[in-house]
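A look at the structure
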Amino acid sequence: MEQAVDDATRAKRQDFYDRLGPKNLAPLWEVLKGLMPNEPTSKAVPFQWRYSDVRPLLMESGNLLTAEEAERRVLVFENPSFVGQSRTTSTLYSGMQLIMPGETAPAHRHTASALRFMLEGEGAFTAVGGERTTMRAGDFVITPAWAYHDHGNEGTEPCAWLDGLDLPMVSFFETGFSEGYNDKRQTLTRPEGDSLGRFGDGMLPLEAESRYGLTTPIFNYPYERAREALVTAARGEEPDPHVGTTLRYANPIDGGWAMPTMATWMTHLKKGFETAPMRSTDGIVMCVGEGSGTATIGDRTFQFSKRDVLAIPAWSWRSFKASEDCFLFCFSDRVVHEKLGFYREDRRSPN
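Since the model is a prediction, treat every value here as computed from it, not as a measurement. Every chain's residues receive numbers from 1 upward, in the order its sequence appears when written. Thresholds applied to this predicted model are a pLDDT of at least 70 for local features of residues and 80 or more for the giving and counting of side-chain atom pairs; totals over whole chains, interfaces and linings are not thresholded and use all residues. Excluded from the side-chain calculation are hydrogens and water; included are all heavy atoms of the structure.

**Comments concerning the nonpolar core**
Nonpolar cores were defined as sets of buried Ala, Val, Leu, Ile, Met, Phe, Trp, Tyr and Cys residues, with membership established by side-chain atoms within 4.5 Å. Categorising residues by exposure relies on relative accessible area from a 1.4 Å probe, with only protein chains included: less than 20% of the type maximum marks a residue as buried, more than 50% marks it as exposed, and the intermediate range marks it as partly exposed. Ranked by size, the top nonpolar core spans 50 residues in total, and within it F140, L162, Y249, M266, F329 and F331 carry the most contacts. The contact criterion used throughout is that any non-hydrogen atoms of two residues lie within 4.5 Å. Setting aside residues up to four positions removed in sequence, F329 forms contacts with L115, F117, F140, Y249, T264, W265, M266, V285, M286 and C287. Counting 19 residues, the second largest nonpolar core, distinct from the first, contains F302, F304, I312 and C330.

Below you can see the structure in the form of structure tokens.
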């Protein structure tokens, strides 16, 4: 219970505080409750970017400048709470990238880790560490930190995908580095499919290790495999009331998350299934791979459909109802929370 403070005491304290400021000091007791709240309150807000709204603008950008001019032709998904800060949640960046036929997004590298979730088009590719992979709808493709990478489109139609990066985290720690390559495209030294063949079929080299440190040695997790695994798992047991049928993308070497700073998973919800509300400390970006339905995030409700993107702030209640069979790709900062001992979740009992 707060004690009553008389005017004389209040004035004396204020005089003391006024003398602290010029010496770059501050009284902890005046800000302690804000530093240690009873529970988290995210600055981010729930938001939805409809693909039907974003796509025409993305295609228009393809007529304004080339991929080489832009280096990366991307429309950033800016959370309304972070205008001008390139943040989709408090800790994650995402956007939609466009590569037109015949274009190359020049090779470079950076300390931020990146992921791609392919949305539209045929003929796109990305090259990482001397190996190229073709990107097909629903594929989850990884660019490890400080690995040279370039993108291109050898097809006849525009190609678009979701980008996700840990840029806000890198910026917080002030560890951002980047470097260009000596050519538009890097030299290929491995055949396509090499990493998936070595590490992605339930077998490993005798002394398995990743060329990318803490990041999985696989850099393309094909959608057809993920979808088949989810459908098979859904047949094998009843869906979890809070997360439906969910499988995470794993590093085959240690079984952990595929990336050191961004957790990634896919959720399958059968038509008519409704999840019970839950919340967790991680901020989440969700992209609809297939299907349509309703998402309730905090006090807002969104009607989502294929290729839409949603921002789910940390510690916000969330639930989903599938109008048709859904496959939902998600990434979050959960892996960082787990490593630091911050992760917590709260699940309401199903009705």
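**Concerning the pairing of strand β17 (residues 293-297)**
Buried residues dominate β17, accounting for 4 of its 5 residues. In short, DSSP must find at least two bridges between two strands for them to pair. Only DSSP runs of H or I with at least four residues qualify as helices, and only runs of E with at least two residues qualify as strands; both kinds are numbered from the N terminus onward. Here β17 pairs with strand β18 (residues 300-304) via 5 bridges, running antiparallel. Of the residues in β18, the one forming a bridge with T294 is Q303. Direction of pairing for β17 relative to strand β20 (residues 318-322): antiparallel, over a ladder of 5 bridges. Across the sheet, residue G293 finds its bridge partner in β20, namely A322.

**A word on the environment of F177**
One can find F177 in the loop between α5 (167-172) and β11 (178-180). Note on F177: relative accessible area 56%, which makes it exposed. Leave out the neighbours within four places in its chain, and F177 touches R109, H110, T111 and W146.

**Here we look at unusual backbone geometry**
One non-glycine residue, N24, lies in the positive phi region at around 55 degrees. Even without a glycine there, the phi angle at R307 is positive, about 75 degrees. Turning to its location among the elements, R307 is positioned in the loop between β18 and β19 (309-312). On the accessibility criterion, R307 (22% relative accessible area) is partly exposed.

Remember that the coordinates give geometry; whether it matters functionally is a separate question.
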